[in-house]
Every structure is written in structure tokens, then in C-alpha cells.
Amino acid sequence: MGTLEKLRDALIEGKVEEVKHYTQQALDENTPAKTILDQGLIAGMDVVGVRFKEGEYFLPEVLLCAKAMHAGLDLLKPLLVGESGQSAGTVVLGTVKGDLHDIGKRIVKAMLEGAGYEVIDIGVDVDAEKFVESVRKHKPLVLGMSALLTTTMRYMKTVIDALQNEGIRDKVKIIVGGAPVNEEFAKSVGADGYAPNASEAVDLVKRLTAA
Amino acid sequence: MEEMLYSSAHEMIFGFAKKPVTVANGLTFGKGKVVPEVNFTLPPMDLAHENVPEIRERFKDIAHRIMERCVELQQEEVVIEFEHLFDMTERPDFGAQLTKDLKEVIEKYRQSHGTKAALRVTVADIRDRTRPPRMRSGKEIETMLRSFELCADAGADILSIESTGGKEISDNALMIGDVEGLLFALGVLGPRDMDFLWREIVSIARRYDVVPGGDTACGFANTAMQLAHQGLLPKVLAAVVRLMSAPRSLAAVEVGAVGPLKDCGYENPVIKAITGVPISMEGKTSACAHSSPLGNIAAAVCDLWSNESVQDVKLLSGNTPEVFTEMLIYDCRLMNTAIEEGRAEILRDLMVDSDRFLDPQALILDPKVMYEAARVIVNAGEDKFKQAVAVSRYAHGVVKEAEATNKIRLRGVEAKWLEKIGKILEHLPEEEEEFYASVKARYEGHFIPEEYGLN
Ligand code: B1M
């Protein structure tokens, strides 16, 4: 088995130290960083994604593999030229005002990070001003809002209106999620998309950022 | 707790608790009848100040509809639960006003129809807003206690909360499947916070002569259950976490809570077995709020039967709160008829058998397992960490044995997790001090030790 296959397999098993080791070994063998990334790390994460969707892996395994991938990526970053060394883009995430439910949003964050996005989590009980300020400051590709309560979901509209009033609505794609939210609601508040769970949130962000 | 109030699992049954509880209007729980507990919540709307009049009207209207349905179905006893949303605790006058409004409707029906209804008020744990949270200092705890006080004064009969001490560690621990983190949250931090918080709640309840009901490990064990439901976490871990959470919830009773314990605490039967307090439970009737593999089995030893919470929306036959009231009433009628006719044990056993092998989480809810878990906790002595470790090991053993004897079938990945959990539990330090020293650095910065009376 070649080094890249070993790297891929180590990543699939979530073995952080082995991933570092084989990434370094591949570099020492003069394999181009981009090849190591594509055929080792990304190839491994693709398998992890499939295993998760098929119920072979749970979230802890996915997060461990993502950690292993980042460990390998850290070694490659200085050598990757141009786009491929950078993050896939920035996403700002928060749970809206009046709502303290946290874990769903955190899972979305973790899965987005696993997919290579830089995610800034601005917390729970976040008001419109803070969302606006974060969009200004971090210039994310996507802003994500989470709500678990029927009495807080409407606040998503308040945030979108505030972005509109500040003239920055068009600078960012907006996605929403959480138990009481659905596609129809997302459209009605003027969001660009809705995802029912974390892995679909990743697909959605990919779609929106590719457009 | 040195001994158990029940001497066998067989003795535990729905409708009867060793220590029944009576609220001001004479309504008693755990004395031979299961009482429906209805919980409702608002449809999509916001809680801004300008909407307060509309919310008040809606609350009164919902209470009317619930009480009306009770009258139509000749249900003479009912509990209405008012579970605060964040703003209702954050603005204590607002929560108290709604409490008063609900109580007025209840009182009206007592006068006009003799219906005995009690009002449970569940204050929200707003300390969870900041990270790391301040559990004992800061304005959040002051506001919460003020909210308890105003609601007790405004007509609450029973006080409850879904408290969150330790959740700042458990949220992440659940995501990464960190069993030690869960033990730290539920065996070390949670019980300390429960002890602190419930002394305060009990003292308020005594001052206002209302009932200090109980807490629930919802933020831990039900989060785990939902993660498992979404395929994010193994069910075997959720099953272990359920029992791991029992010593923590028991802590409220140890400092004066008397029940009825809160509906979404599926760990409640363990606490009933030890202390004899009446418990509220939820199962198939709470599918409106979340899915569970515990539809029937959850009712086996309940004293109140609940729907967790349903948002007020229109269906063909009426709005959801009265629709769920009706479903709860019929479930309770069946259980109460079984009691009257001396066939309660048959019904209990059927409810258990219908679900027991559906899922590891259901297996854990078997009253026999719950009873033995209670014994394990009692035998572990006073130390909460030791209790949590012992009962987690017991939960693990139960699932393992059921798997080995083919009573329950686990997917390959679930079986692997069961092995892994077993190994972790086996190799834990036995003493809390040693355990704390071994994990402290790992969780540093994520919790404030002083807020739990730790160094
Ligand atoms: C940006 O793009 C995206 C895309 C996808 C996104 C996304 C964003 N955000 C989420 N997703 C999606 O991806 C995630 C991963 O796949 C998913 O996230 P979820 O969060 O849905 O899923 C999690 C992984 C697991 N799910 C959960 O952890 C939530 C489960 C239920 C049972 C629940 C729990 C456990 C809790 N709760 Co709360 N809680 C309930 C929940 C019932 C339900 N049906 O959801 C609900 C939502 N809670 C409710 C209530 C009332 C409350 N809760 C409260 C507190 C809590 C706990 C702390 C006890 C606990 C915390 C959970 C946590 N760790 O964050 C209080 C709220 C305080 C506040 N202001 O927020 C309190 C007010 C209760 C009280 N009085 O204390 C009800 C809402 C009623 C309503 N009006 O809407 C409720 C339906 C349960 C009920 N009682 O019926 C997807 O939704």
C-alpha cells in the first residue's frame, strides 16, 4: 500500500498521529502537497462522509476524522499555493435572541469545519445588532441562524430586515435551521436556504457558495 | 439516602407512590390515580412587550379549552404545566402575570364545575446564556429566583425547573462521545448545582406554601436521546447517559423536593424507587415535542401522564392543547380503570413488554432495571460521583447482557460503542477527587470551578 492510501486509511480511522506521520512521509517522498490533499485527506473525508450518511459512523467518529484531517492540513498549508491552501470560506453562525438551544448549531459548526469552512460561532441569544456587526466584521460568505423555539424563529426575519436596512443583505447568503423551521418558513423570511440537519447544511453551504 | 422506600420492582406501579403529594386545593398525586398533565406552548409568534396582551389572551383561551375538554370528558383532576420561555423568566413580572391568568381560569372551573386542577410552573434556566455560565453569582440566578418567587405568589401550585448545571461540559462531551466528560457533568458538576439551586427553590416553596416538585436531566439525557434519534450518537450511549443522570436528579429530592417530578425526566422511576415521590412521565403523547423509543414503557410507574409540550395550532377536531388533553385523559382513564378493577399489574406489564426490546433506551426504562439501578445508587453510598459511576456500569451491563442473550439486537457500530463505553467505565478512578484531578485540565476554561463550590 502506498503512502497516500495509508494516509487515507489512517484518516478514515481518525488516527491523528498517523495522519500527521503519513502526511510528512508523503512530503518527504516529494509528493506534491495538492496531491496529498486530494488523494489522501480529501479522499479519506469522502469515505467518512459516506460512512456517516450510511449510519456506519456517528458524530464523534466524524469529528475525530475531521480533527485528523486538520492535523494533516496544517502540515500542507504552507506548501499549498493559491486557493487550495485556504479555507473554503467563512461562515458566521448564531442561535437567535431569546433562544439558548446550542447543540444543534454546534453540530452544524463542526460539520462545516470538517468540510473546510472557517466558522465563527457568535453564540446563543444573539440579537440583530450582533449579527449585523459580525457580518460587517467577518465578511462571511454565509450567515447561519438557528432557532429551536416557535417564539424565537420569527426573529430570523428581524435579523434579515436589519441586514437589509444596513445595506448589507446582498453581501451574504443566509441559511436557517432548527426544529420548528422549514423550507417554506425560510422563504417567507427571505433566507437563501434551509437545512433540516447538519450534513444537509454543509451541502447547502457548498451549493450557495459555488453559485 | 441509605435505603429504598420500595422493596421490589413489582411493588412499583402507576398511580401509586409511597409518598403522595397534595396541593392546596386538595388534589393528590400518587394515591391511587394517574392524573393527566397538559403542557402547551405558543405557535410562531414573538414575545415582545407589545405582544403581551395578545399572549395573555391566548394563554387564558388555551387554559379555558383544556378545562372545557376536561369537563366534557368528566375528568375531574388535571395538572396544567406552564413552562416558561426565556423572556417569561427574564422578565419575572411577565411570567407571574401569565401564572396569575392561568390560575384564574383554573379557579373559575373549580367554582363552576368542581374540577380540581393544579398549576405547575417551570422556570427557565437562564444561566445557560453565557459561556462559561455563572451558576451562583451574577444576575441570572437572582432573576430566576425572583421569578420562582413571583410565580409562587401568583398562584403556582408546583415549582419545577430543567436545570443545566454541567451542561457547559456535557454539550461538547455528547458531540464527541466523551464518557468522562459526561461523568464530570453529571456526577460532579450537576449534583453540586442541584444541591445549591434546589435548596433555594425549596426555601421559596416553603415560604409560599407551594410544592417544590422536581428537576429533570432533559438537557443531558434527552439531548443524548435526540442525538441518537438523529443518528448522531449511539443509542447505547444514550441509554447509559439516562441512568448516569439519575443521581443528579435525585439530588433535588435529597434537599427537599417532594414531587411530582418533572415529565421529561425519564430517570424518574429510579428516584421514585428510592424516595417514594410521585412522578410525571411522558411517552407516546409527547411525540408532538420529540420522538422517543419509550412510548408505552414510560407510563409503567407514572403518577402523572404528560404530553411534554405542544404548540397551539388548529387541527380538524380543535386546537392541539385540548386534543392532547383528550388523549392524556383517555390514557389515564385506562390506567385508572385497570387500578379500579385490580388489573393494573397486567396493564403495566403489557406496557413494559410492548417496548422493552425496541431499543437499549427502552430496555433501561423497564421498572425492574430502574429498580435495580436505584439499589445500585443506594449501595454506592452518599458520594454522587460514585453513584454515577456505579449506575453507569450497571446500565452498561444490562445492555450487554441483553445483547449477549439475543434479547436486543445491536448494529455492529452500536456493539463497538458498547465495548468502548465498557472499557472506559472499567478504568475510571474510583474516587471523585482523583477523577477531578485527572480531568480538570481537560475542561479548564469551559466551566468556572467556584460556581460549583470547587477549587
Ligand atoms: C444555520 O443553519 C442551520 C441548519 C441546520 C440546523 C441549524 C442551523 N440548527 C439546527 N439545525 C439542524 O441540525 C442539527 C443537527 O442535525 C439539528 O439541531 P437540533 O437542535 O434540532 O437537534 C439537536 C442535535 C438535538 N436536539 C436537542 O438537543 C433539543 C431536544 C429538545 C428535547 C430540547 C432540549 C434537550 C433542551 N431544551 Co428545549 N428542547 C426542545 C427539544 C425538542 C425538539 N423536538 O427539538 C424544545 C425545542 N425545547 C423547548 C422548550 C420549551 C425549552 N427548552 C429549554 C431548554 C432545554 C434544555 C437546556 C433542557 C435542553 C438543551 C438542549 C441543548 N443541549 O441545546 C428551555 C429554553 C430556554 C431557551 N430560551 O432556549 C425551554 C423553554 C424549557 C424551559 N422552560 O426551561 C420546546 C420548544 C417549545 C416551543 N415553544 O417551541 C421543545 C420543543 C421541547 C418541549 N418542551 O416541547 C437540526 O435542527
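Computed from a predicted model, the values in this text were never measured in an experiment.

Hydrogen bonding along the main chain pairs the strands of a sheet, whether they run parallel or antiparallel. Residues and elements named next belong to chain A. One open sheet accounts for 5 strands, arranged β2-β1-β3-β4-β5; its pairing is parallel. Only two strands of the sheet have a single neighbouring strand rather than two, namely β2 (118-121) and β5 (193-194). Across 2 bridges, strand β4 (residues 173-177) lies against β5 in parallel orientation. Note on β5: the bridge partner recorded for isoleucine 175 is glycine 193. Packing against the sheet, helix α5 (residues 103-114) makes contact with β1 (90-95), β2 and β3 (142-146), and its axis sits at approximately 170 degrees to β1. In this fold helix α9 (residues 198-210) packs onto β1, β3, β4 and β5, with an angle of close to 165 degrees to the strand it touches most, β4.

Moving on to the coordination of the cobalt atom of the ligand. Any two of four tetrahedral donors ideally make an angle of 109.5 degrees at the metal, while pairs among six octahedral donors ideally make 90 or 180 degrees. With respect to protein ligation, the cobalt atom of the ligand binds only His101 of chain A (NE2), at 2.3 Å. Along the chain, histidine 101 of chain A turns up in the loop between β1 and α5.

At the interface, 32 residues of chain B touch 23 residues of chain A. Counting each side, the surface lost to burial between chain B and chain A is near 2300 Å², with a carbon and sulfur contribution of 65%. The interface formed by chain B and chain A contains 1 salt bridge. The salt bridge involving arginine 129 of chain B is made with aspartate 125 of chain A; its shortest N-O contact spans 3.4 Å. The tally of links between chain B and chain A comes to 8 residue pairs in polar contact (both at pLDDT 80 or more). Ranked by residues supplied to the side of chain B that touches chain A, first place goes to helix α5 (residues 167-176) of chain B with 5 residues. Looking at the side of chain B that touches chain A, its residues break down into 17 nonpolar, 6 polar and 9 charged.

A few words on the site of the ligand. Near the ligand you find 46 residues, and of these Leu100 and His101 of chain A together with Thr41, His84 and Ala289 of chain B are the closest. Two or more chains meet at the ligand, and those chains are chains A and B. Here a nitrogen atom of the ligand and a backbone polar atom of glycine 98 of chain A are 3.0 Å apart. Within the contact set of the ligand, a nitrogen atom lies 3.3 Å away from a side-chain nitrogen or oxygen of glutamate 83 of chain B. Elements represented by at least two residues in the shell around the ligand include exactly α5, β3, β4 and α9 of chain A together with α5 and α7 (218-229) of chain B. Broken down by element, the residue count for the shell around the ligand peaks at 5 residues, all from α7 of chain B. Each residue belonging to the shell around the ligand can be placed in one class, and the counts come to 21 nonpolar, 18 polar and 7 charged.

Glancing now at the domain arrangement of chain A. Interfaces are frequently sized by the accessible area removed from exposure as the parts join. All names here are of chain A. For chain A, the assigned domains are domain 1 (3-84) and domain 2 (90-210). Centre-to-centre, using C-alpha coordinates, domain 1 lies 28 Å away from domain 2. Counting residues at the interface gives 9 residues for domain 1 and 7 residues for domain 2. Both faces combined, the contact of domain 1 with domain 2 buries some 560 Å², and carbon together with sulfur accounts for 75% of it. The three residues of domain 1 that bury the most area against domain 2 are Phe52, Lys53 and Leu59, which together make up 50% of that side's buried surface. Here domain 1 is connected to domain 2 by 1 salt bridge. With a shortest N-O distance of 3.7 Å, aspartate 203 and lysine 53 are connected by a salt bridge. Put simply, domain 1 and domain 2 have 1 residue pair in polar contact (both at pLDDT 80 or more) between them. For the side of domain 1 that touches domain 2, the elements supplying multiple residues, two or more each, are α3 (33-53) and α4 (59-76). Considering every element that reaches the side of domain 1 that touches domain 2, the biggest residue donor is α4, with 6 residues.

Time to look at the pattern of salt bridges. Residue and element names in this part refer to chain A. A complete count under the given rule lists 57 salt bridges over all chains for this structure. Ionic pairing is found between glutamate 113 and lysine 109, a salt bridge with its closest N-O pair at 3.4 Å. Of this pair, glutamate 113 and lysine 109 both sit in helix α5, 4 residues apart, which is roughly one turn of the helix. The class of glutamate 113 is partly exposed, set by a relative accessible area of 27%.

With that settled, the discussion passes to the packing of helix α11 (residues 320-340) of chain B against helix α12 (residues 344-355) of chain B. All names here are of chain B. At a minimum axis separation of 7 Å, α11 and α12 run at an interaxial angle of 140 degrees. Of the possible angle classes, the one that applies to α11 and α12 is oblique. On α12, the residues touching Leu334, Met335, Ala338 and Ile339 of α11 are Ala344, Leu347 and Met351. Split into classes, the residues belonging to the contact of α11 with α12 amount to 7 nonpolar, no polar and no charged.

Criteria and cut-off values
- Residues numbered from 1 in each chain as written.
- Chains lettered and ligands numbered in written order.
- Predicted model: local features only at pLDDT ≥ 70, side-chain atom pairs only at ≥ 80, totals over all residues.
- Heavy atoms only, no water.
- Pairing = 2+ DSSP bridges.
- Helix = DSSP H or I, 4+ residues; strand = E, 2+ residues; numbered from the N terminus.
- Contact = heavy atoms within 4.5 Å.
- Axes fitted to C-alpha atoms, helices over the stretch in contact; angles between N-to-C directions.
- Donors = N, O, S within 2.8 Å, 3.2 Å for Na, K, Ca; no water.
- Buried area = accessible area lost by both parts, 1.4 Å probe.
- Salt bridge = Lys/Arg side-chain N within 4 Å of Asp/Glu carboxyl O.
- Polar contact = N/O pair within 3.5 Å; in protein donor to acceptor, adjacent residues only side chain to side chain.
- Nonpolar A, V, L, I, M, F, W, Y, C, P; charged D, E, K, R; others polar.
- Near = heavy atom within 4 Å.
- Domains from an automatic or database assignment.
- Buried < 20%, exposed > 50% of the residue type's maximum accessible area, 1.4 Å probe, protein only.
- Parallel < 35°, antiparallel > 145°, perpendicular 65-115°, else oblique.

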